[in-house]
Amino acid sequence: MSGPKNREREGNPRKRTAGTASKSITKSVPRSKMSQAKKVLKGIAASEDYKALAQAIETADYDTISRSYLQVTQLLEKAQEGILQTIQGLPRRNKDAEREKFRAAFMLSASTILPHWHSLDSQLKAQGIMEGEVFALGSKGDPLVRTPEGRVVVVSGSAAKEGAKAKFRVVTRGEKLDFGRAVELTPDYFYLLMTQDTRQQIGRTFDRVEEHLKGRPGRSPEGGLAAVSELLRELEGARELTAKLQAAERERLLGRLQGYRRRLLGECILKLALDFLSGEEEREVTGCCNGDEQLAARALSAPGLFRLQAHQTLKMHLLAGEEPRGYSQAIRNLEERLDSMDAALKLMEFKSGVEEVYPLVRRYLEKMDMVFERLQRKAMELARAMSEDRVCSAEDIGSAVKGAFSSTVLSSELRRAFRSAEDFHTLRGAVVKLRAMLGDGETMTAESAIRPYLSQKVATAFASAS
């Protein structure tokens, strides 16, 4: 009587594990033949060819890998065929089935006794590489081989004759015939095969960087910095992976990687620097207003020193070629009211006043352009310098920006642009006067609110030079 465990095994074949299934394959083959096969496989594992293959894989010696893989494959084929011939001589009815079972069991044993060879063989099979015996030649002289599934394949690029073996990959499947291309297992082929995962990992990292660089609009500075920091870490991982590649390809990828570091840091540091300068100025302007929120709001409505957006807005509102923006309309408005001596005097005063201050305004804006150009150039120099290091963290990037754009540095840039504090205040005063003349009624109150900050920064800048 069979017990519950026996009944369970007999009644539920789904509970068999992969190991049990493997054992069943082996058990279906004559024990003497499997014993003989394992002995042969162990002999191959101890051979110089297999040892050379294992060592070559460790050292990435692709010349030896190519040669040794083919030699071990020949040893396996010869050993397998010898045992298959003895099976053919056994007094059994279904010899074809026995041969197929033996092949499966033989390759199963090879996977554990010859793991290095099996790994390479599996990678080749994953690429669709097959081998078949040429049974005929096509009309154009191309070899015809038959796949294990019985499909006939026309192999181009091979000079194999009838009876010879050809390695190939199927590239096109047809209704009656498949078409393949000959494959030669050269050292270069094995190099590409064994490093394809590495190359794909590096490629995926580059793709993520490209996606980030193309998606610049709409990102917050904080989110952008965190994303850049993470991408820099991924690029460092890609740099380590390039050690597995040959020198020429490694150098090419390292050059591309360095380019991505420069672009990432250039974009990030420039944006971070401009945001830092604006934020620091807003904080200092607010501090000069002693907690008066309305006064702070008026002060921040005036163009300051280091807020690029405010400077660009000021230029847009004032500059229009040889005359200020809005000047022609203001002249027309005054001419329409030209009905008295006072009106005529106002028109003359307006024209002469604009002619006097507009060159000074242009000079002020040009000097501030110089300040921002130098600050942006400094940001890009910092990015280039940091791209040569292995800096990855957001904290390191933020600290570097703060150090590069300190109060001392900003004071130096003001001194480079303006001859003296008086020069700055004269040119700045011309800007305020022109804006008021052109009808900007808020400019005087805004300038009055921000004047303590401007005076403090300019005095500090020029005092540090004495």
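Every value quoted in this text rests on a predicted model; they were computed, and no experiment measured them.

Asks: A description of the confidence of the model for the chain should follow, citing residues and the corresponding values.
Replies: When pLDDT drops low, the exact placement of atoms in the prediction is not to be read closely. Confidence along the chain averages 86 in pLDDT terms, with 88% of residues attaining 70 or more. The low-confidence segment residues 1-27 (pLDDT under 50) makes eight contacts with residues lying over four places distant or belonging to another chain. In the predicted structure, residues 217-222 sits below a pLDDT of 50 and forms five contacts with residues beyond four places in sequence or in another chain.

Asks: Give me the lowdown on the packing of aromatic side chains, citing residues and values where you can.
Replies: On inspection of all chains with the given rule, the structure shows nine aromatic pairs. Seen in terms of ring centroids, Tyr 69 and Trp 117 are 6.1 Å apart; in terms of plane orientation they differ by 10°. Their pairing is stacked. With Tyr 69 in helix α5 (residues 62-88) and Trp 117 in helix α7 (residues 115-126), this pair connects stretches of sequence that are 48 residues apart. Just as Tyr 69 is buried, Trp 117 falls in that class too. Ring geometry for Phe 206 against Tyr 260: centres 5.0 Å apart, planes inclined by 50°, an arrangement best described as tilted. Here Phe 206 is found in helix α9 (residues 196-214), whereas its partner Tyr 260 is found in helix α11 (residues 247-288), with 54 residues between them in sequence.

Asks: Before we move on, could you go through empty space enclosed by the protein and cite the residues and values that matter?
Replies: One pass over the full model with this rule turns up one cavity of 30 Å³ or more. What the largest cavity holds in volume is close to 50 Å³. Along the walls of the largest cavity sit Pro 303, Gly 304, Leu 305, Arg 307, His 311, Leu 314, Tyr 364, Met 368, Phe 372 and Arg 428, which together make up its complete lining. Listed by contribution, the elements that provide at least two residues to the lining of the largest cavity are α13 (308-318) and α15 (341-387). The leading source of residues in the lining of the largest cavity is α15, at three residues. Here the lining of the largest cavity is composed, by residue class, of six nonpolar, two polar and two charged.

Asks: Which residues make up the pairing of strand β2 (residues 143-146), and what values do they have?
Replies: Relative to β2, strand β1 (residues 129-137) runs antiparallel, the two sharing three bridges. If you follow Val 134 over to β2, its bridge partner there is Val 145. With three bridges joining them, β2 and strand β3 (residues 152-156) adopt antiparallel strand pairing. Counted as the bridge partner of Arg 146 is Val 152 from β3. Connecting β2 to the antiparallel partner β3 that follows it, the hairpin turn spans five residues, and Gly 150 within it adopts a positive phi of roughly 95°.

Asks: An account of the pattern of salt bridges is requested, with residue identities and associated values reported.
Replies: Between side chains of opposite charge, pairing is possible as soon as their charged atoms come close. According to the stated counting rule, one finds 21 salt bridges in the structure shown. Taking the shortest distance from any N to any O, the salt bridge between Arg 173 and Asp 178 comes out at 3.0 Å. Linked by salt bridges that have partners in common, Arg 151, Arg 173 and Asp 178 make up one network.

Asks: Could you give me a rundown of the environment of Leu 137, with the residues and numbers involved?
Replies: One can find Leu 137 in strand β1. Residue Leu 137 is classed as partly exposed on the basis of its relative accessible area of 37%. The spatial distance from the C-alpha of Leu 137 to the C-alpha of Lys 161 is 7.5 Å, given a sequence separation of 24 residues. The contact partners of Leu 137, leaving out residues within four places of it in the chain, are Asp 142, Pro 143, Leu 144 and Ala 160.

Asks: Give me the lowdown on the environment of Leu 213, citing residues and values where you can.
Replies: Considering the arrangement of structural elements, one finds Leu 213 in helix α9. Since its relative accessible area comes to 3%, Leu 213 is described here as buried. A C-alpha to C-alpha distance of 9.2 Å links Leu 213 and Tyr 260, two positions 47 residues apart in sequence. With sequence-adjacent residues up to four places away left out, Leu 213 is seen in contact with Tyr 260, Arg 263, Leu 264 and Glu 267.

Asks: Could you give me a rundown of the layout of surface pockets, with the residues and numbers involved?
Replies: Of the pockets and cavities examined, the largest pocket occupies roughly 1,200 Å³. What lines the largest pocket is a set of 29 residues, and nearest its centre among them are Glu 77, Gln 80, Lys 125, Glu 131 and Pro 148. Elements represented by at least two residues in the lining of the largest pocket include exactly α5, α6 (95-113), α7, β1 and β4 (165-173). If one sorts the elements of the lining of the largest pocket by residue count, α5 sits on top with seven residues. A class-by-class count of the residues in the lining of the largest pocket yields ten nonpolar, seven polar and twelve charged.

Asks: Describe the packing of α9 against α11, with residues and values.
Replies: Two numbers describe how α9 lies on α11: the axes approach to 11 Å, and their chain directions differ by 25°. Classified by the angle their axes make, α9 and α11 are roughly parallel. The handedness of the crossing between α9 and α11 comes out as left-handed. Across the interface between the two elements, Arg 199, Ile 202, Phe 206, Val 209, Glu 210, His 212 and Leu 213 of α9 pack against Glu 249, Leu 253, Arg 256, Leu 257, Tyr 260, Arg 263, Leu 264 and Glu 267 of α11.

Cut-offs and rules
- Residues numbered from 1 in each chain as written.
- Predicted model: local features only at pLDDT ≥ 70, side-chain atom pairs only at ≥ 80, totals over all residues.
- Heavy atoms only, no water.
- pLDDT = per-residue confidence, 0-100.
- Contact = heavy atoms within 4.5 Å.
- Phe/Tyr/Trp six-rings, centres within 6.5 Å; stacked < 30°, edge-to-face > 60°.
- Helix = DSSP H or I, 4+ residues; strand = E, 2+ residues; numbered from the N terminus.
- Buried < 20%, exposed > 50% of the residue type's maximum accessible area, 1.4 Å probe, protein only.
- 1 Å grid on protein atoms, 1.4 Å probe; cavity = no way out; pocket = protein on both sides within 12 Å on 5 of 7 lines; lining within 4 Å.
- Points joined across faces, edges and corners; volume = space filled by probe spheres on them.
- Nonpolar A, V, L, I, M, F, W, Y, C, P; charged D, E, K, R; others polar.
- Pairing = 2+ DSSP bridges.
- Salt bridge = Lys/Arg side-chain N within 4 Å of Asp/Glu carboxyl O.
- Axes fitted to C-alpha atoms, helices over the stretch in contact; angles between N-to-C directions.
- Parallel < 35°, antiparallel > 145°, perpendicular 65-115°, else oblique.
- Left-handed = near helix turned anticlockwise from the far one by under 90°.

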